[in-house]
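Here's the letter readout for the chains.
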Amino acid sequence: RGSPLHTARGMLSHEFCLVPRGDTPSSGRLYAALACRCVPLLIANRFAEHFAFPTRGRYDEWVVSVPEGEFMRSPRASIEGAIHQARPQLTRIRSAMEAAGVELLYDAAGSRAADNMLRDWSASCATGG
(Lines give C-alpha, C1' and ligand atoms only; values in the text may rest on other atoms or scores of the structure.)
Protein backbone atom coordinates (compact mmCIF):
# COMPACT_ATOMS: atom_id res chain seq x y z
CA ARG A 1 0.00 0.00 0.00
CA GLY A 2 1.40 3.36 -1.04
CA SER A 3 4.25 1.75 -2.98
CA PRO A 4 5.01 2.63 -6.61
CA LEU A 5 3.85 -0.85 -7.63
CA HIS A 6 0.55 -0.40 -5.79
CA THR A 7 0.07 2.99 -7.46
CA ALA A 8 0.86 1.57 -10.91
CA ARG A 9 -1.58 -1.31 -10.44
CA GLY A 10 -4.30 1.16 -9.50
CA MET A 11 -3.58 3.36 -12.50
CA LEU A 12 -3.47 0.37 -14.85
CA SER A 13 -6.92 -0.71 -13.72
CA HIS A 14 -8.67 2.64 -14.29
CA GLU A 15 -9.53 4.79 -17.30
CA PHE A 16 -9.05 8.07 -15.42
CA CYS A 17 -6.62 9.02 -12.65
CA LEU A 18 -6.70 11.95 -10.27
CA VAL A 19 -3.48 13.91 -10.50
CA PRO A 20 -3.47 16.67 -7.89
CA ARG A 21 -0.56 19.05 -8.27
CA GLY A 22 2.40 18.64 -5.99
CA ASP A 23 5.04 21.34 -5.60
CA THR A 24 4.41 21.90 -9.30
CA PRO A 25 1.58 20.60 -11.50
CA SER A 26 3.98 18.36 -13.39
CA SER A 27 4.38 15.92 -10.51
CA GLY A 28 5.52 12.36 -11.03
CA ARG A 29 1.87 11.28 -10.85
CA LEU A 30 1.27 12.90 -14.24
CA TYR A 31 4.00 10.87 -15.92
CA ALA A 32 2.99 7.70 -14.04
CA ALA A 33 -0.54 8.14 -15.39
CA LEU A 34 0.88 8.57 -18.89
CA ALA A 35 3.00 5.42 -18.54
CA CYS A 36 -0.06 3.48 -17.35
CA ARG A 37 -2.31 5.01 -20.05
CA CYS A 38 -4.64 6.29 -17.37
CA VAL A 39 -6.11 9.61 -18.54
CA PRO A 40 -4.90 12.19 -16.01
CA LEU A 41 -7.43 14.49 -14.42
CA LEU A 42 -4.99 17.23 -13.46
CA ILE A 43 -6.21 19.33 -10.56
CA ALA A 44 -4.19 22.49 -11.01
CA ASN A 45 -4.26 26.06 -12.27
CA ARG A 46 -1.63 27.57 -14.55
CA PHE A 47 0.11 24.35 -15.30
CA ALA A 48 1.38 24.61 -18.87
CA GLU A 49 4.63 26.41 -17.97
CA HIS A 50 5.66 23.55 -15.68
CA PHE A 51 5.59 20.74 -18.23
CA ALA A 52 8.71 19.15 -19.69
CA PHE A 53 9.12 19.61 -23.46
CA PRO A 54 5.74 21.39 -23.78
CA THR A 55 5.67 21.60 -27.58
CA ARG A 56 6.64 17.96 -28.06
CA GLY A 57 4.55 16.57 -25.18
CA ARG A 58 1.35 18.13 -26.55
CA TYR A 59 -0.22 18.00 -23.11
CA ASP A 60 -3.36 19.82 -24.20
CA GLU A 61 -4.27 16.75 -26.26
CA TRP A 62 -4.23 14.21 -23.41
CA VAL A 63 -4.37 15.99 -20.04
CA VAL A 64 -7.85 16.73 -18.73
CA SER A 65 -7.74 19.91 -16.68
CA VAL A 66 -9.79 20.41 -13.52
CA PRO A 67 -9.41 23.94 -12.09
CA GLU A 68 -8.44 23.95 -8.42
CA GLY A 69 -11.19 26.37 -7.38
CA GLU A 70 -13.84 24.25 -9.06
CA PHE A 71 -12.48 21.13 -7.39
CA MET A 72 -12.38 22.83 -3.96
CA ARG A 73 -16.00 24.00 -4.30
CA SER A 74 -17.36 20.67 -5.46
CA PRO A 75 -14.86 17.81 -5.75
CA ARG A 76 -17.24 15.12 -6.91
CA ALA A 77 -19.14 17.27 -9.40
CA SER A 78 -15.94 18.70 -10.91
CA ILE A 79 -14.42 15.25 -11.44
CA GLU A 80 -17.66 13.77 -12.77
CA GLY A 81 -18.00 16.73 -15.15
CA ALA A 82 -14.44 16.34 -16.43
CA ILE A 83 -14.95 12.62 -17.01
CA HIS A 84 -18.27 13.23 -18.75
CA GLN A 85 -16.62 15.69 -21.16
CA ALA A 86 -13.56 13.51 -21.79
CA ARG A 87 -15.23 10.11 -22.19
CA PRO A 88 -16.47 10.68 -25.78
CA GLN A 89 -12.90 11.63 -26.74
CA LEU A 90 -11.15 8.63 -25.15
CA THR A 91 -9.95 7.14 -28.44
CA ARG A 92 -8.35 10.44 -29.47
CA ILE A 93 -6.93 11.03 -25.98
CA ARG A 94 -5.38 7.56 -25.86
CA SER A 95 -3.77 8.07 -29.28
CA ALA A 96 -2.35 11.37 -28.06
CA MET A 97 -1.04 9.64 -24.91
CA GLU A 98 0.71 7.03 -27.06
CA ALA A 99 2.43 9.76 -29.09
CA ALA A 100 3.31 11.76 -25.97
CA GLY A 101 4.81 8.70 -24.28
CA VAL A 102 7.50 8.48 -26.96
CA GLU A 103 8.41 12.13 -26.32
CA LEU A 104 8.25 12.11 -22.51
CA LEU A 105 8.90 8.64 -21.10
CA TYR A 106 12.44 7.32 -21.02
CA ASP A 107 11.38 3.67 -21.10
CA ALA A 108 8.84 3.94 -23.94
CA ALA A 109 9.62 2.06 -27.14
CA GLY A 110 11.37 4.49 -29.50
CA SER A 111 11.71 7.06 -26.71
CA ARG A 112 12.99 10.52 -27.63
CA ALA A 113 12.90 11.82 -24.05
CA ALA A 114 16.68 11.98 -23.63
CA ASP A 115 17.05 13.67 -27.02
CA ASN A 116 14.37 16.19 -26.05
CA MET A 117 16.14 16.92 -22.77
CA LEU A 118 19.44 17.53 -24.55
CA ARG A 119 17.77 19.77 -27.15
CA ASP A 120 16.15 21.86 -24.42
CA TRP A 121 19.42 22.18 -22.53
CA SER A 122 21.24 23.14 -25.72
CA ALA A 123 18.63 25.77 -26.58
CA SER A 124 18.75 27.12 -23.03
CA CYS A 125 22.54 27.40 -23.16
CA ALA A 126 22.41 29.13 -26.55
CA THR A 127 19.98 31.78 -25.27
CA GLY A 128 21.72 32.18 -21.92
CA GLY A 129 18.63 31.12 -20.03
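Whatever comes next refers back to the structure up there.
All of these numbers come straight from a predicted model, not from anything done at the bench.

> Describe helix 7 (residues 113-127), with residues and values.
When the terminal C-alpha atoms of helix 7 are compared, their 21 Å separation across 15 residues agrees well with the 21 Å that a helix rising 1.5 Å per residue should span. Just downstream of helix 7, Gly 128 is the residue with a positive phi angle, here 80°.

> Now, about the pairing of strand 1 (residues 16-20): what can you tell me, with residues and values included?
Summarising the sheet, strand 1 and strand 2 (residues 39-43) pair through five bridges and their orientation is parallel. Following the sheet pairing, Leu 18 is matched in strand 2 by Leu 41. Regarding the hand of the β-α-β motif, the stretch spanning strand 1, helix 2 (residues 28-36) and strand 2 is right-handed.

> Talk me through the side chain of Glu 103; I want residue IDs and the actual numbers.
Along the polypeptide, Glu 103 turns up in helix 6 (residues 90-104). Glu 103 has contacts with Phe 53, Arg 56, Arg 112, Ala 113 and Asn 116, leaving out every residue within four places of it along the chain.

> Lay out unusual backbone geometry with the relevant residues and their values.
Positive phi values are uncommon outside glycine, yet Arg 37 reaches one of about 55°. Looking at the element boundaries, Arg 37 is found in the loop between helix 2 and strand 2. Of the residues examined, Arg 37 reaches a relative accessible area of 25% and is grouped as partly exposed. Positive phi values are uncommon outside glycine, yet Arg 58 reaches one of about 45°. Note that Arg 58 resides in the loop between helix 3 (54-57) and strand 3 (64-66). Judged by relative accessible area, which is 46%, Arg 58 ranks as partly exposed.

> Quick one: what's the story with the nonpolar core, residue by residue and with numbers?
With 35 residues, the main nonpolar core has Leu 30, Leu 41, Tyr 59, Trp 62 and Leu 104 as its most contacted residues. Elements with a contribution of two residues or more to this core: strand 1, helix 2, strand 2, strand 3, helix 5 (75-86) and helix 6. The residues contacting Leu 41, other than those within four sequence positions of it, are Phe 16, Cys 17, Leu 18, Val 19, Val 64, Val 66, Ile 79, Ala 82 and Ile 83.

> Please set out the packing of helix 1 (residues 4-12) against helix 2 residue by residue, giving values where relevant.
Axis separation between helix 1 and helix 2 bottoms out at 9 Å; the angle between their running directions is 55°. In terms of orientation, helix 1 and helix 2 fall into the oblique class. In the crossing of helix 1 with helix 2, the sense of the turn from one axis to the other is right-handed. Touching Ala 8, Met 11 and Leu 12 of helix 1 are Arg 29, Ala 32, Ala 33 and Cys 36, all from helix 2. Here the contact of helix 1 with helix 2 is composed, by residue class, of six nonpolar, no polar and one charged.

Calculation notes
Residues numbered from 1 in each chain as written. Predicted model: local features only at pLDDT ≥ 70, side-chain atom pairs only at ≥ 80, totals over all residues. Heavy atoms only, no water. Helix = DSSP H or I, 4+ residues; strand = E, 2+ residues; numbered from the N terminus. Expected span 1.5 Å × (residues − 1). Pairing = 2+ DSSP bridges. Right-handed = clockwise from strand over helix to strand, strands pointing away. Contact = heavy atoms within 4.5 Å. Buried < 20%, exposed > 50% of the residue type's maximum accessible area, 1.4 Å probe, protein only. Core = buried A, V, L, I, M, F, W, Y, C linked by side-chain atoms within 4.5 Å. Axes fitted to C-alpha atoms, helices over the stretch in contact; angles between N-to-C directions. Parallel < 35°, antiparallel > 145°, perpendicular 65-115°, else oblique. Left-handed = near helix turned anticlockwise from the far one by under 90°. Nonpolar A, V, L, I, M, F, W, Y, C, P; charged D, E, K, R; others polar.

Shape descriptors only; they carry no functional weight alone.
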